[in-house]
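Read off the chains here:
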Amino acid sequence: MTMQPLYQALKAGFPIGELTEQRPDLAFITVPREQLRGLLLHLRDQEGFTHLVLLTAVDWIEEDRFQLTYLLHDRKGARDIGLRVMLPRQAVIEGAPMESIHDLWPTAATYQRELREMFGIDFPDSPGVNEDFILEGWREIPPYRRDFDTLKYSNETFAPRPGRESQDPAQYMKAQLYPDGA
Amino acid sequence: MKQELEKRWVKGPDGVDFEVEPLRDYYCEAPPTVMPAAYSKIIEGLFNWARAESLWILGFGTGCGAIEMRPLMTPRFDAYRYGIQWRPTPRQSNLFVISGYLSVKTLKRVIRSYEQMPNPKYVVGLGSCTINGGMYFDSYNTITRLDEYLPVDVYITGCMPRPEALLAGFEELKRIIRAGKGEGANQYAERFDWYKANQKRVIHDWDMPDYNW
Amino acid sequence: MSFEWIKIPYALLTLFIVANYGFLLTAVMAKIAARVGRRHGIPVWQNYLDLIKNYGLRSSITHGVMFYLGPVFRLTGGVGLLMFVPTIYGSVMFSNMSFAGDLILALYFVFFGSLGMALGAGESGHPYSAIGVTRGLSQVTAAELPFALAVYAVAVQYQTLSVTEIVAAQQGGILNWTLFTNPIAVAAAMLSFLGSMMRPPFDVVLAPQEIPIGPPTEYHSSYLALMQTNRAIFPIAKIVIYMNLFFGGAASWPVFFLKVFLIYLVSVIVGVVFPRFRVEQSIRWFLIWAVPLGVIAIVIA
């Protein structure tokens, strides 16, 4: 089994990017942001991808982009497809909105609430998106962004106990197991 | 501050308006006081012995370490034979086991539960996370040092400590209590301002009374 | 009839013996149940330790007058029940106040504790208490029904309401026990007994160590200790009634200890074998199995 036939069919109707095949039953496609909604609808209603497995984000700070990943599952065909949408990072941080898909899958509202809190990606139409998700009283920049220094924050906030040492596990175990350096 | 906790006027079923202030109405706000030991040394010794042999743990698993407490109830480890029981309500427990990492959000609940426990009360920090943060030492929402926020009697190291280590820790705690050194509650009362300042430094949306009995 | 003051120390002595026996017996029963699960279980003296510890707690709060009175009422239920039935048949020392009360009074006392508890727990204002009280009262009511029917059947059988006379009528051999002269009433009463002992499968009201602990959610320190004392006395007092009504009473302390142990063991054996009922299941169970037996017992009598 491969995702190629599906990809070819999609490519005929949508201007989409390259196909990355992770496994025979799992592939990722990068899609333009304008095509996302139509593609999701098509996949859900025509191709049998009825289940939104997850909606998450990656912070590509070096490339100045946020990547949203919409992972869909096709129960009948036992295969997954991930749609990647690239957002301009700086614009998102300044508050550029992203389209909500909570009307396609109601569970998406929860993911979008989480993304709003953890990455600061705004989905203005999503219900309850501005409520606290898991953080209570957070004051800093959203903690999952890579320019947020968790170690520095932790050291400043949580009064670390002095005397803690950190070791590289590989080096440490090597020194433990082979003290002669063999 | 959540909306339901705010001071407001409510119309009762009998048509009378009355003022509701949840933070004051539901809790006793008087700060804790240092409670002296029994007058007689012999009586206090007896009490301490009974306290040591009757540890009632609050059934509040604050982190992943809670999974190590369950085997203690089973036939293999059977903590009941050491006088250890689990109780579902803070009012009846005298031992709080902070099981593993403690996120700021949980810390808030932990403080409330801890303050509701009756006076001679003990805290056991379970796992590296309570000692120095463990593998969550650089996490943005996990405290790294439990004794900044609550008086801790015993730490049990490990990630995770085995149930045997827990039993050894409880035995150590019993020794401490029998020696009359398990005065965490009084220590909390004595340094109340210091503990509160520490707690408030990490809990930013403080929506409860300073002390809730 | 003049009151004999010597009865008061006698009654206190009875209470002392029964309370201590109750503490040890509950611990032994917990140990038996633990052995069934291949655990060692609590030490037999654990109840005393818990009691001392709870009295030794330094801080306690109250939620109002009824919060104080709840445990007191509960203890009154246990002690009262014990006082108004002859603990040892034919003994001047341990018959206590049984001359003054009859079966109806005993029935009241069985229920009294639960009501007091309901009032006290209601005052604490904790939602779990309210749930526990609702569950407890409905289950106790359902369990009480067959017992009341059985008691009336026995009363009709012996044409008396006095516990002492009922015991007297059962003397002179095992076959004179109500167990053999009126087995249906005893069966109904024993089913009710399972329900009122707060052990599995009917312990959802007072499941210790679980989130819905029920009525005593807010109780702590001395209040809880008082209730623990009652938890030791009340089952024994209840078993004494059963023993007197159905199993020929006891003429001496060794017989008393043995019979109480065996009757208690019935509920423990059932408890370790069967899983827990929900409240609506247990009520249905009582209405379907126990109440008809009680009705039949009355009809036959």
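What you see is a predicted model; the values in this text were computed from it and never measured.

*Asks:* Mind showing me how you'd approach the overall build of chain C here?
*Replies:* Summing up its helical and strand segments, chain C has 11 helices and zero strands in all. Overall, chain C shows an N-to-C arrangement of helices and strands of α-α-α-α-α-α-α-α-α-α-α. Taking 301 residues into account, the globule formula puts the C-alpha radius of gyration at 19 Å, and chain C, at 19 Å, falls close to it. The dimensions of chain C, computed from C-alpha atoms along their principal axes, are 55 × 45 × 40 Å. Scored against the burial criterion, the 301 residues of chain C give a buried share of 55%. A separation threshold of at least 6 residues defines the contact pool for chain C, and within that pool the share at least 24 residues apart is 79%. Here chain C displays about 12,400 Å² of accessible surface, and carbon together with sulfur accounts for 73% of that area. Distance between charge centroids for chain C: 12 Å, based on 16 positive and 10 negative side chains.

*Asks:* Teacher, can you tell me more about the packing of helix 2 (residues 41-53) of chain B against helix 6 (residues 163-178) of chain B here?
*Replies:* A pair of packed helices is captured by two measures, namely the crossing angle of their axes and the spacing between those axes. Residue and element names in this part refer to chain B. Packing of helix 2 against helix 6 brings their axes to within 8 Å, and their N-to-C directions diverge by 170 degrees. With respect to helix 6, the axis of helix 2 lies roughly antiparallel. Relative to helix 6, the crossing made by helix 2 is right-handed. On helix 6, the residues that touch Asn48, Trp49, Arg51, Ala52 and Glu53 of helix 2 are Lys174, Ile177 and Arg178. In terms of residue class, the contact of helix 2 with helix 6 is made up of three nonpolar, one polar and four charged.

*Asks:* Help me understand the interface of chain B and chain C, please; the structure alone is not making it clear to me.
*Replies:* Accessible area lost upon the coming together of the parts serves often as the stated size of an interface. Contact residues are listed per partner, giving 33 residues for chain B and 31 residues for chain C. Taken together, the two surfaces of chain B and chain C that pack against each other cover about 2,800 Å², and 60% of this comes from carbon and sulfur. A per-residue breakdown of the area chain B buries against chain C is headed by Tyr80, Pro88 and Arg91 of chain B, which together make up 20% of the total. Connecting chain B to chain C are four salt bridges. A salt bridge links Glu183 of chain B to Arg58 of chain C, with the shortest nitrogen-to-oxygen separation between them at 3.1 Å. Of all the elements in the fold, those that place two or more residues in the side of chain B that touches chain C are helix 2 and strand 4 (84-87) of chain B.

*Asks:* What is the right way to look at the packing of aromatic side chains in this model?
*Replies:* Between two aromatic rings, the relevant description is the distance of the centres plus the angle of the planes. All names here are of chain C. Under the criterion given, the structure shown has 38 aromatic pairs over all chains. Relative to Phe112, the ring of Phe109 lies with its centre 6.2 Å away and its plane at 80 degrees, an arrangement referred to as edge-to-face. Of this pair, Phe109 and Phe112 both sit in helix 4 (residues 103-124), three residues apart, which is roughly one turn of the helix. Overall, the relative accessible area of 31% leaves Phe112 in the partly exposed class. Ring geometry for Phe202 and Phe286: centres 5.0 Å apart, planes at 25 degrees, overall stacked. Pair noted here: Phe202 is in the loop between helix 8 (183-196) and helix 9 (221-246) and Phe286 is in helix 11 (residues 279-300), with a separation of 84 residues, a long-range link.

*Asks:* Explain the interface of chain B and chain A to me, please; I cannot follow it from the model alone.
*Replies:* Counting residues at the interface gives 26 residues for chain B, matched by 23 residues for chain A. A buried area of about 2,000 Å², summed over both sides, lies between chain B and chain A, and 50% of it is on carbon and sulfur atoms. Counting every contact that joins chain B to chain A gives three salt bridges. In this structure, Glu136 of chain A and Arg109 of chain B form a salt bridge, with 3.1 Å as the shortest nitrogen-oxygen distance. Between the two partners, chain B and chain A, sit 12 residue pairs in polar contact (both at pLDDT 80 or more). Broken down by secondary-structure element, the contributors of at least two residues to the side of chain B that touches chain A are helix 4 (104-116), helix 5 (128-132) and helix 8 (192-202) of chain B. With four residues, the top contributor of residues to the side of chain B that touches chain A is helix 4 of chain B. Its residues placed into classes, the side of chain B that touches chain A shows eight nonpolar, eight polar and 10 charged.

*Asks:* Help me understand the pairing of strand 5 (residues 79-88) of chain A in this model?
*Replies:* One face of the sheet, then the other: side chains in a regular strand alternate in exactly this way. All names here are of chain A. In terms of residue burial, strand 5 counts as a mostly covered element, since seven of its 10 residues are buried. In the sheet, strand 2 (residues 26-30) pairs with strand 5 via five bridges, with the strands oriented parallel. Paired with Phe28 across the bridge in strand 5 is Gly82. Alignment of strand 4 (residues 65-74) against strand 5, held across 10 bridges, turns out to be antiparallel. Bridge assignment links Tyr70 to a residue of strand 5, and that residue is Leu83. Counted along the chain from strand 4 to the antiparallel partner strand 5, the turn is four residues long, and its residue Ala78 has a positive phi close to 50 degrees.

*Asks:* In this structure, what is going on with unusual backbone geometry? I would like to understand it.
*Replies:* Excluding glycine, a negative phi dihedral is what most residues carry, and trans is how most peptide bonds are arranged. Of note, the bond from Cys159 of chain B into Met160 of chain B is cis; its omega dihedral lies within 30 degrees of zero at -15 degrees. Structurally, Met160 of chain B can be placed in the loop between strand 7 (154-156) and helix 6. Its identity as a non-glycine residue notwithstanding, Asp64 of chain A has a phi of 60 degrees, on the positive side. Here Asp64 of chain A lies in the loop between strand 3 (51-60) and strand 4. Judged by its relative accessible area of 38%, Asp64 of chain A falls in the partly exposed class. Phi at Ala159 of chain A takes a positive value of approximately 50 degrees, unusual for a residue other than glycine. With respect to the helices and strands, Ala159 of chain A occurs in the loop between helix 5 (150-157) and helix 6 (169-177). Looking at Ala159 of chain A, the relative accessible area reads 18%, which means it is buried.

*Asks:* For this particular structure, what's the right way to read the pairing of strand 5 (residues 95-99) of chain B?
*Replies:* Residue and element names in this part refer to chain B. Taking burial as the measure, the five residues of strand 5 include five buried ones, the bulk of the element. Residue alternation in strand 5 divides its side chains into two sets, Leu95, Val97 and Ser99 and Phe96 and Ile98, and both sets are buried. As paired strands, strand 5 and strand 6 (residues 122-126) are joined by five bridges and run parallel to one another. Counted as the bridge partner of Ile98 is Gly125 from strand 6. Following the chain from strand 5 across helix 4 to the adjacent parallel strand 6, one finds a crossover that is right-handed.

How each quantity is defined
- Throughout, a residue's number is its position along its own chain's written sequence, starting from 1.
- Numbering of ligands from 1 and lettering of chains from A proceed in the order in which they are written.
- Where totals are concerned, whole chains, interfaces and linings use all residues; where local detail is concerned, this predicted model gives features only for residues with pLDDT of at least 70, and gives and counts side-chain atom pairs only at 80 or more.
- Only hydrogens and water are removed before side-chain values are computed, so all heavy atoms of the structure are retained for them.
- Starting at the N terminus, helices and strands are each numbered in turn, a helix being any DSSP run of H or I of at least four residues and a strand any DSSP run of E of at least two.
- Put simply, the radius of gyration uses C-alpha atoms, and a globule should come to 2.2 Å times the residue count raised to 0.38.
- Partly exposed describes any residue whose relative accessible area lies between the buried limit of under 20% and the exposed limit of over 50%, with all areas from a 1.4 Å probe on protein chains only and scaled to the type maximum.
- We call two residues in contact whenever any of their non-hydrogen atoms come within 4.5 Å of each other.
- Residue burial considers only the protein chains on display, and all accessible areas are found by Shrake-Rupley using a 1.4 Å probe.
- The charge count treats Lys and Arg as positive and Asp and Glu as negative. His and the chain ends do not count.
- Where a charge lies is defined by one atom per residue type, namely NZ (Lys), CZ (Arg), CG (Asp) and CD (Glu).
- For every element, the axis is a line fit to its C-alpha atoms; helices are fit only across the contacting stretch, and the angle between N-to-C directions ranges from 0 to 180 degrees.
- Angle categories: roughly parallel below 35 degrees, roughly antiparallel above 145, roughly perpendicular from 65 to 115, and oblique for all the rest.
- It is the rotation of the near helix from the far one that decides the hand of a crossing: anticlockwise by less than a right angle makes it left-handed, clockwise makes it right-handed.
- Side-chain classes are defined by residue name, with Ala, Val, Leu, Ile, Met, Phe, Trp, Tyr, Cys and Pro counting as nonpolar, Asp, Glu, Lys and Arg as charged, and the others, Gly among them, as polar.
- Buried area: the accessible area, evaluated with a 1.4 Å probe, that two parts lose upon being put together, summed over both parts.
- Whenever a carboxyl oxygen of Asp or Glu lies within 4 Å of a side-chain nitrogen of Lys or Arg, that contact is scored as a salt bridge.
- Paired rings are identified among Phe, Tyr and Trp, the last through its six-membered ring, by centres lying within 6.5 Å, and are further divided according to the angle between planes into stacked (under 30 degrees), edge-to-face (over 60) and tilted (the rest).
- The term polar contact refers here to a pair of N or O atoms within 3.5 Å; inside protein, the definition further demands a hydrogen-donor-capable atom paired with an acceptor-capable atom, and it admits residues adjacent in sequence only when both atoms are side-chain atoms.
- Here, a strand pair is defined by DSSP locating no fewer than two bridges between the strands.
- Here, the term right-handed applies to a crossover whose path from the first strand over the helix to the second runs clockwise when the strands point away from the viewer.

So yeah, pure geometry; function would need other evidence.
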